[in-house]
Amino acid sequence: MDLIKSLFISASGLRAQNGRMRIIAENIANANSTAKTPEELPYRRKIPTFKSHFDKEMGADVVELGKVAEDNTDFRSVLMPGHPAADANGYVLQPNVNTLIETTDMREAQRSYEANLNVIDSTRKMLQRTIDILRA
């Protein structure tokens, strides 16, 4: 039944967006972390990717979280003399995480998650109505 397929497809979207939100949360949590020494690098922002593949059992395309890429943009430098990770000039490398971008990405992931939930809810209601009609 095609309605059942839509449930599985939307469930794959939920899983993918859940993984995306987990990665974004990790980025936000590490936004102000620093390395322990001047030789170490700080946390590098992670970027979630998605991939679509054809599920033969369902006969439909589903989505899943793909490889997690690293953002290769430059780290920020902040003047923090006395910090254990400060270089000879007193600068400490900070993660390349912009919390404004992460917050925006989180809202987008949240909206996609909610859209998949709405599809599941609508499909569930249609299935229930179909069962009710068949019982009558």
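Residues numbered from 1 in each chain as written. Predicted model: local features only at pLDDT ≥ 70, side-chain atom pairs only at ≥ 80, totals over all residues. Heavy atoms only, no water.

Asks: Tell me about the side chain of Ser12, and please be specific about residues and values.
Replies: Within the element layout of this structure, Ser12 appears in helix H1 (residues 2-29). Polar contacts involving the side chain of Ser12 include one to the main-chain carbonyl oxygen of Ile9, which spans 2.6 Å. In this structure Ser12 touches Val62 and Val63, once residues within four positions along its chain are discounted. (Helix = DSSP H or I, 4+ residues; strand = E, 2+ residues; numbered from the N terminus. Polar contact = N/O pair within 3.5 Å; in protein donor to acceptor, adjacent residues only side chain to side chain. Contact = heavy atoms within 4.5 Å.)

Asks: Tell me about the environment of Ala88, and please be specific about residues and values.
Replies: By the secondary structure assignment, Ala88 is in the loop between strand S5 (76-79) and strand S6 (91-94). Expressed as a C-alpha distance, the spacing of Ala88 and Asn118, which sit 30 residues apart in the sequence, is 55 Å.

Asks: For the pattern of salt bridges, give the residues involved together with the corresponding values.
Replies: Across all of its chains, the model carries nine salt bridges by this definition. Among the ionic pairs, Lys46 bridges to Glu26, the shortest N-O distance being 2.6 Å. Taken together, the positions of Lys46 in strand S1 (residues 46-47) and Glu26 in helix H1 put the pair 20 residues apart, joining distant regions of the chain. Among the residues examined, Lys46 registers a relative accessible area of 25% and is labelled partly exposed. Notably, a salt bridge pairs Lys125 with Asp121, separated by 3.3 Å at the nearest N-O pair. (Salt bridge = Lys/Arg side-chain N within 4 Å of Asp/Glu carboxyl O. Buried < 20%, exposed > 50% of the residue type's maximum accessible area, 1.4 Å probe, protein only.)

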